[in-house]
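Listed here are the chains, written in short residue letters.
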Amino acid sequence: MSGPVFPTPNGTKDDSQEVALLQGYDTQCLYQTDLIQCHGCLLALQPQTGRILQISENCTDFFGETAESLLDQPLQNYLPSKAWKLLQPLITQQVIHLSPFRFTLAGSTGKRLMQAIAHRVEMPEIYSDAAHPAAGATEPGETHPIALELITSEPIVILELEPIAPGASLDWMSLLHRFMAKSPYAEDLVSFLQQVAEEIHHITGFDRILVYQFDQNQAGCVIAEVKPPDQPPYLHHWYPAEDIPDAVRDFYCQGKVRYVPDLITDSVCLVPSINPITHNLLDLTRSHLRGVDPCCVEFHRTMQVQALMVIALLKEEKLWGLITCHHPHPKFLPYEARFACEVIGQLTSTELARRVNQQALDTVVAARQLQVNFINAIAQVQDLKSALTHPDSHLLHLVQAQGVAICLGDDITLLGQTPNPDQVTALLTWMGDQFQSSIFQTNALPDLYPPAEEFVTQASGLLALCISQAQRYYILWFRAEILQTIAWAGNPEPTYQTLIDGTRQRSPRQSFAQWKQTVRGTAVPWQATDVENVLALRNAIVGMILKTTDDLTKLNLELQRSNQELESFAYIASHDLKEPLRGIYNSITFLLEDYGNLLDPPGIDRLNNMMRLTHRLENLIDALLHFSRLGQMELILQPTDLQTLFLQELQVVQESHPGRCPELLIPRSLPTVTCGALQVSQIYRNLLSNAFKYQQETTPWVEVGYWTGVEVQADPTLLADCPQARSHLEALVFDKPEDQLYVFYVKDNGIGIRDRHLDTIFRLFKRLHPPTLYQGGTGTGLTIVKKMIERHHGKVWVESTLGVGTTFYFTLSS
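Residues numbered from 1 in each chain as written. Predicted model: local features only at pLDDT ≥ 70, side-chain atom pairs only at ≥ 80, totals over all residues. Heavy atoms only, no water.

Student: Give a description of helix 8 (residues 294–302) that names residues and reports values.
Tutor: Think of an α-helix as 3.6 residues a turn; residues three or four steps apart then line up on the same face. Those residues of helix 8 not exposed but buried are C295, V297, F299 and H300. Of the residues one or two after helix 8, Q304 is the one with positive phi, at around 60 degrees. (Buried < 20%, exposed > 50% of the residue type's maximum accessible area, 1.4 Å probe, protein only. Helix = DSSP H or I, 4+ residues; strand = E, 2+ residues; numbered from the N terminus.)

This is the structure:
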């Protein structure tokens, strides 16, 4: 649910005092209190002993004795032995809560059937704060050091008792079976939640059931309702976020259920009000009998509600919405009914998460199909402007916009409902500083850019794509203004009341009659799928600039599938081929040993040649196995000092090529880049190994360096003599902010590569020379380099002149 497309009203804050009061109302702790509801009795017990530390003052109605006479007494003296035995695991700290259990309490007023609920409250460590005896006199403004002595950190046991009326039991399992049998057949999410509301109404008998969902601003909208025929509806009414304080939201985020059978009856105090161990009010966060905040009572009495139950609905451990149950008179429910509603709330949370995720998936699939169709369309056209404007409906439908401006330098093309060219030019000037990345979006442009008031009807929403800031390549999508009339349940602006001391305090609304608000200057918000579609378009445009292709998307998919098939085949083949190869090698060895004296010299030469071929084949299989494992190697990205990594790999290569010592040129130290250190080390090892091997000069040298995207953009002469590398770099700076792109190179003055081989040298097992020349090899080194760079989403290419030298370039982004 997107909700109203405007900020939820935050109230009138005409002075700092009111701001402070409002913040206090939202963040105060509502759960440390000495008040409970009067329909039950609450006891705070000392662990291990079960001694009564606090008890509600209505205990006489249950035990027949006053609170003063019960305090500091062992509870064991007042409970049946069976009930005390059930309570023992909690008293002795073996468990943190107990399932509800029933027992008969015999007091001076007679026997009563009771429902007991118990849990532990973990206590923070409590210290004394006496001054340290060894502390001497101090100067003015100084303090004595404090000697902290641990008093206690033991948890306190909370026991809650509620009387059970005769016959007040419920077959809650049957109710749950009935609910689960019906829920899968609801057509959509709203229909499902309507079924939930009707089921809660059937179980509880509450007069009105509301299911409402929170939007991104935490405002709530009623999306399902059960109500009496003669009462006004609240369906589709909105409630401001401020109706629920943050502390209450945190409580419901734990999946809690809140039940108040009678809001009007006075609360009951605990005796004593301050806990004797913690010297503070008791934490009743998890207590069913916890008292009701006066503001909550006033809020619901304005709605003519006297009994209340609230069930939390969670999605991915966040508060998605609430089910609220209202009744105009006191409404007492047996625990089984409340438990059934709590389980239904949990089942509803699970089902709504599934349905919401399915809706999101359907939206993504539809957006992907639209995205693929458009990218396929632009891939058919060579010119970028033609690709974007024909057919123009594709560009508008990509994000469901009413207008679009295609800005390629000074060339501006407008499609659909847009501002005029001069207004677009002024907007582009303002937007220059707005891009934190390649995307800028807002659904309320006039709030950020006041001149947009002139064209608010055509363009209240803006989604902008920066293709190249240097060349001023932008695409701007516009959404028209939508006038909205929002129905609030009462005026959402906060109200205040003046207290006796003259201060003003936030108070609940005095009316929930429908209150309408008209909102202007906003458009339908942009969704995540819109942004993803635009980013995919950007990638397609970069692909067109980098290399024209008839079907780039299809080619990428085929290449990915081929690579996966190759890795699977290579892994299987490398294992399956080694065993028969080892058998051939052993057989040849036995032939030479056992029958060598019977063979003539040509026969022995043939067997020795077979031995060499098996060695060669074994090396190829080992290389294939190594290559297949690269795809399984985990890519761990972390900041890596490439200068240190390079020097380590240089030492390895030098030890592997004794007698070859080309001069090493490093114009500047290599930077620290976020990358996979293991993979980048293999890149440098293979490139350096090639530079060492393929030498013919009497004074060979190898140069290793890099440029940043900023340098490429700032210096048009950089690589002017290498047009292919220059075009690659210009295209690649579109992919990342210039300060995050690095272009590395390894250059040598070796034998070089013929032009016709430049497109094939990265193929697996591709060798340009016989195995006997240049120290041999398997032809997998450059394939590994390409694979490792592509796993970093980088590019690799080569510039070479036969007899002059070779330069390998590759990109990494931090």
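Student: Give a detailed account of the pattern of salt bridges, specifying residues and quantitative values.
Tutor: One pass over the full model with this rule turns up 12 salt bridges. Of the charged contacts in the structure, one is a salt bridge between E316 and K315, with a shortest N-O distance of 3.6 Å. A relative accessible area of 59% means that E316 is categorised as exposed. Classification of K315 as buried rests on a relative accessible area of 17%. Taking the shortest distance from any N to any O, the salt bridge between R685 and E649 comes out at 2.6 Å. Placement of the pair is R685 in helix 18 (residues 677–693) and E649 in helix 17 (residues 642–656), with a sequence separation of 36 residues. (Salt bridge = Lys/Arg side-chain N within 4 Å of Asp/Glu carboxyl O.)

Student: Describe the sheet that holds strand 18 (residues 403–408), with residues and values.
Tutor: If you trace the 5 strands from one edge of the open sheet to the other, you get 19-18-22-21-20, paired in antiparallel fashion. Lying at the two open borders of the sheet, with one neighbouring strand each, are strand 19 (411–416) and strand 20 (439–442). Between one strand and the next, the sheet's axes are offset by a mean angle of 10 degrees, whatever the strand orientation. Of the strand pairs in this sheet, strand 18 and strand 22 (residues 473–479) are connected by 6 bridges, and their pairing is antiparallel. Bridge pairing in strand 22 links I406 to I475. (Pairing = 2+ DSSP bridges. Axes fitted to C-alpha atoms, helices over the stretch in contact; angles between N-to-C directions.)

Student: Describe the side chain of K315, and please don't skip the residues or the numbers.
Tutor: Inspection of the secondary structure assignment puts K315 in strand 16 (residues 307–315). The residues contacting K315, other than those within four sequence positions of it, are W320, L352, A353, V356 and N357. (Contact = heavy atoms within 4.5 Å.)

Student: Before we move on, could you go through the nonpolar core and cite the residues and values that matter?
Tutor: Core analysis: the biggest nonpolar cluster contains 35 residues, and Y684, L687, V704, F744 and F810 have the highest contact counts within it. For this core, the secondary structure elements donating two or more residues are helix 17, strand 29 (672–676), helix 18, strand 30 (701–708), strand 31 (741–748), helix 21 (781–791), strand 32 (796–801) and strand 33 (805–813). Looking at this core, the element that brings in the most residues is helix 18, giving 7 residues. Excluding residues within four positions of it along the chain, F744 makes contact with L642, P671, V673, Y684, G705, Y706, F808, Y809, F810 and L812. (Core = buried A, V, L, I, M, F, W, Y, C linked by side-chain atoms within 4.5 Å.)

Student: An account of the sheet that holds strand 4 (residues 52–56) is needed here, citing residue identities and associated values.
Tutor: The 7 strands lie next to each other as 2-14-4-3-9-6-5, forming an open sheet whose pairing is antiparallel. A single partner strand is all that each edge strand has here, and the edge strands are strand 2 (35–36) and strand 5 (97–107). As defined by bridge partners, strand 4 adjoins strand 14 (residues 268–271) across 2 bridges and the pair is classed as antiparallel. When the sheet's bridge partners are listed, S56 is paired in strand 14 with L270. Those strands touched by helix 4 (residues 81–91) are strand 3 (41–45), strand 5, strand 6 (110–121) and strand 9 (156–163), and its axis lies near 140 degrees from that of strand 5.

Student: Just give me the short version of the pairing of strand 31, but keep the residues and values in it.
Tutor: When you tally the buried positions in strand 31, you get 7 out of 8 residues, the bulk of the element. As defined by bridge partners, strand 30 adjoins strand 31 across 7 bridges and the pair is classed as antiparallel. Residue pairing for strand 31: V702 is matched across the bridge by D748. The sheet contact formed by strand 31 and strand 33 spans 8 bridges and is antiparallel.

Student: Just give me the short version of the pairing of strand 9, but keep the residues and values in it.
Tutor: Burial runs high along strand 9: 7 of the 8 residues are buried. Pairing geometry for strand 3 and strand 9, over 5 bridges, is antiparallel. Of the residues in strand 9, the one forming a bridge with L43 is L159. Here 8 bridges tie strand 6 to strand 9, and the two strands are oriented antiparallel to one another. Paired with R120 across the two strands is V157, which belongs to strand 9.

Student: Outline the packing of aromatic side chains, supporting the account with residue identities and numerical values.
Tutor: Using the criterion set out here, one finds 17 aromatic pairs in the structure. Ring plane angle 35 degrees and centroid distance 4.9 Å describe the contact between W430 and Y449, whose orientation is recorded as tilted. Separated by 19 residues along the polypeptide, W430 in helix 12 (residues 421–431) and Y449 in the loop between helix 13 (445–448) and strand 21 (461–468) bring together distant segments of the chain. For the pair Y706 and F744, a centre-to-centre distance of 5.9 Å together with 35 degrees between the ring planes defines the contact as tilted. In this pair, Y706 is assigned in strand 30 and F744 in strand 31, connecting sequence segments 38 residues apart. With a relative accessible area of 12%, Y706 lands in the buried category. (Phe/Tyr/Trp six-rings, centres within 6.5 Å; stacked < 30°, edge-to-face > 60°.)

Student: Requested: an account of the packing of helix 17 against helix 18, with residues and values cited.
Tutor: Interhelical geometry of helix 17 versus helix 18 gives an angle of 45 degrees and a closest axis separation of 9 Å. It follows from the interaxial angle that helix 17 and helix 18 lie oblique. Crossing hand, helix 17 versus helix 18: right-handed. Taking contact as the criterion, the partners of L642, L645, F646, E649, L650, V652, V653 and Q654 in helix 17 are, on helix 18, A677, V680, S681, Y684, R685, L688, S689 and F692. Of the residues belonging to the contact of helix 17 with helix 18, the class tally is 11 nonpolar, 3 polar and 2 charged. (Parallel < 35°, antiparallel > 145°, perpendicular 65-115°, else oblique. Left-handed = near helix turned anticlockwise from the far one by under 90°. Nonpolar A, V, L, I, M, F, W, Y, C, P; charged D, E, K, R; others polar.)

Just distances and angles here, no functional claims.
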